Amino acid sequence: MTSLPSTKGLSGTLVGTGKLGGFGRSPTLRTLYPPIDPYSTGRLEVGVHSVYYEECGNKDGKPVVFIHGGPGGGCSEANRRFFDPERYRIVLFDQRGAGRSTPTADLTDNTTWDLVADLETLREMLGIDRWMCFGGSWGSTLALVYAITHPERVTELVMRGIFLLKQEELDFFYQRGTSMIFPDAHRAYSEHIPEAERGSMIRAYYKRLTSDNKETREAAAKLWTTWEMSTSYLEPNFARINQGDDPKFAAAFARIETHFFVNLAWLPTPNYILENVDTIRHIPTFFTHGRYDVVCPFKSAFDLSQAFPEAEFVVCGQSGHTAGEVEHTSELVMACDRFAGKE
């Protein structure tokens, strides 16, 4: 257990259901469960893709699927630890082209709807009737789209860093918005692109990330990834920033992200998720968002909370974007405990 620095005796976390409420959280924060190993691993063969998955925890426990971010980010060992391993059957999978899935960074048949289909195929293959969906950032996007498509298969939604995949969000982070807060980090990211192409940074990077020239691809992947990792935490996390120096990680992260973003994730309408909240309104839902998240702007979570007042929305008032920040971690662990019936 850790304690959160407070202001005037109050924790930095606001809590509200459909609106911003008052200060109401304890300054004592929960941490992740201890490390665990999978009891089962396997691969889902879908066309050219071999999708890695694993199961941890209790084989007879409450099923939950962890949906990673990016897209292209892949899962980590820490992702297993948001859930009580005695109460949860924990399923993790690396989305097409990401993490341990192969071929790395491949864009063939790699769309939102392919990933929704993979979730269903995996659920059926594992003999799971219904499961809880847990995801942050792009993981929240995919969790919401999956739930809208298959609401009868989702028991609960637990999310962090809401990303609705709207043009305004992409413009804020990749064009002008976050650049006003992190001009130092933005400089290398922007100056890599000739001024004539800077009107659409995503398209300019996508052009380079899909180049036939390996050096061109690797240079673009490093700068794209470093930009995002430099802005994801309220306090710099140098281990994450240095992921830009890992060619394999950066290739998957940058290529798949730009591939999805130039296509607005192939969603049918610009406001698809909010327009379809009625489909999931009955699903018990919890989500957090960092007040100082400059990767996925706070407005996205606020908009979702207004369209979906039945959901519990917790504002982490001393946090940025990532689940590894102490407020996010605590709130997510507590939410998963509650949904597992743990007091």
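Residues numbered from 1 in each chain as written. Predicted model: local features only at pLDDT ≥ 70, side-chain atom pairs only at ≥ 80, totals over all residues. Heavy atoms only, no water.

Novice: Which parts of the structure should I look at to understand helix 3 (residues 167–175)?
Specialist: What sets the pattern is the α-helix's 3.6 residues per turn: residues three or four places apart point alike. The complete set of buried residues in helix 3 reads E169, L170, F173 and Y174. End-on view of helix 3: buried residues confined to an arc of 100 degrees, all on one side of the axis. Contacts from the buried residues of helix 3 go to helix 4 (183–191), helix 5 (201–209), helix 6 (214–231), helix 8 (247–262) and helix 10 (298–307). (Buried < 20%, exposed > 50% of the residue type's maximum accessible area, 1.4 Å probe, protein only. Helix = DSSP H or I, 4+ residues; strand = E, 2+ residues; numbered from the N terminus. Arc of directions from axis to C-beta. Contact = heavy atoms within 4.5 Å.)

Novice: Honestly, the pairing of strand 7 (residues 88–93) in this entry has me stumped. Any pointers?
Specialist: Look at any regular strand and the pattern is simple: side chains alternate between the two faces of the sheet. With six of its six residues buried, strand 7 lies for the most part within the structure. Residues Y88, I90 and L92 point to one face of strand 7 and R89, V91 and F93 to the other, with burial holding for every one of them. Strand direction decides the pairing type here: strand 5 (residues 49–57) and strand 7, joined by five bridges, are antiparallel. Looking at the pairing, G57 lines up with R89 of strand 7. Strand direction decides the pairing type here: strand 6 (residues 62–67) and strand 7, joined by five bridges, are parallel. When the bridges of strand 7 are listed, P63 appears paired with R89. (Pairing = 2+ DSSP bridges.)

Novice: Sorry if this is basic, but what is going on with the pattern of salt bridges here?
Specialist: Oppositely charged side chains can pair when the atoms bearing their charge come close. Per the counting criterion, the structure on display carries 23 salt bridges. Ionic pairing is found between D94 and R100, a salt bridge with its closest N-O pair at 3.0 Å. Overall, D94 belongs to the buried group, its relative accessible area being 0%. Here the salt bridges do not stand alone but share partners, grouping E54, R80, D94 and R100 into one network. (Salt bridge = Lys/Arg side-chain N within 4 Å of Asp/Glu carboxyl O.)

Novice: Would you mind showing me how to read the nonpolar core here?
Specialist: Here is a general trend for soluble globular proteins: nonpolar side chains tend to be buried in one another's company. Counting residues in each nonpolar core, the largest one holds 76 residues, and the members touching the most others are C133, L157, Y174, W224, F261 and L304. Examining the composition of this core, we find that nine residues originate from one element, helix 8, more than from any other. The residues contacting C133, other than those within four sequence positions of it, are V65, I67, A143, Y146, V154, E156, L157 and V158. C75, F134, F286 and L332 belong to the second largest nonpolar core, which has 21 residues in total. (Core = buried A, V, L, I, M, F, W, Y, C linked by side-chain atoms within 4.5 Å.)

Novice: So what exactly am I meant to see when it comes to the confidence of the model for the protein here?
Specialist: Detailed reading of the predicted model is not advised wherever pLDDT is low. Of all residues in the protein, 92% have pLDDT values of 70 or greater, and the mean over the chain is 92. Throughout residues 2–13 the model reports pLDDT below 50, and contacts reaching past four residues in sequence, or to other chains, amount to 37 contacts. (pLDDT = per-residue confidence, 0-100.)

Novice: Is there a simple way to explain the packing of aromatic side chains in this structure?
Specialist: In this description, a pair of aromatic rings is defined by centroid distance and the angle of the planes. According to the stated counting rule, one finds 21 aromatic pairs in the structure shown. Summarising the aromatic geometry, the rings of Y189 and W227 are spaced 5.2 Å apart at their centres and angled 15 degrees between planes, so their arrangement reads as stacked. Of this pair, Y189 sits in helix 4 while W227 sits in helix 6, and the two are 38 residues apart along the sequence. Judged on exposure class, the residue Y189 and its partner W227 are both buried. (Phe/Tyr/Trp six-rings, centres within 6.5 Å; stacked < 30°, edge-to-face > 60°.)

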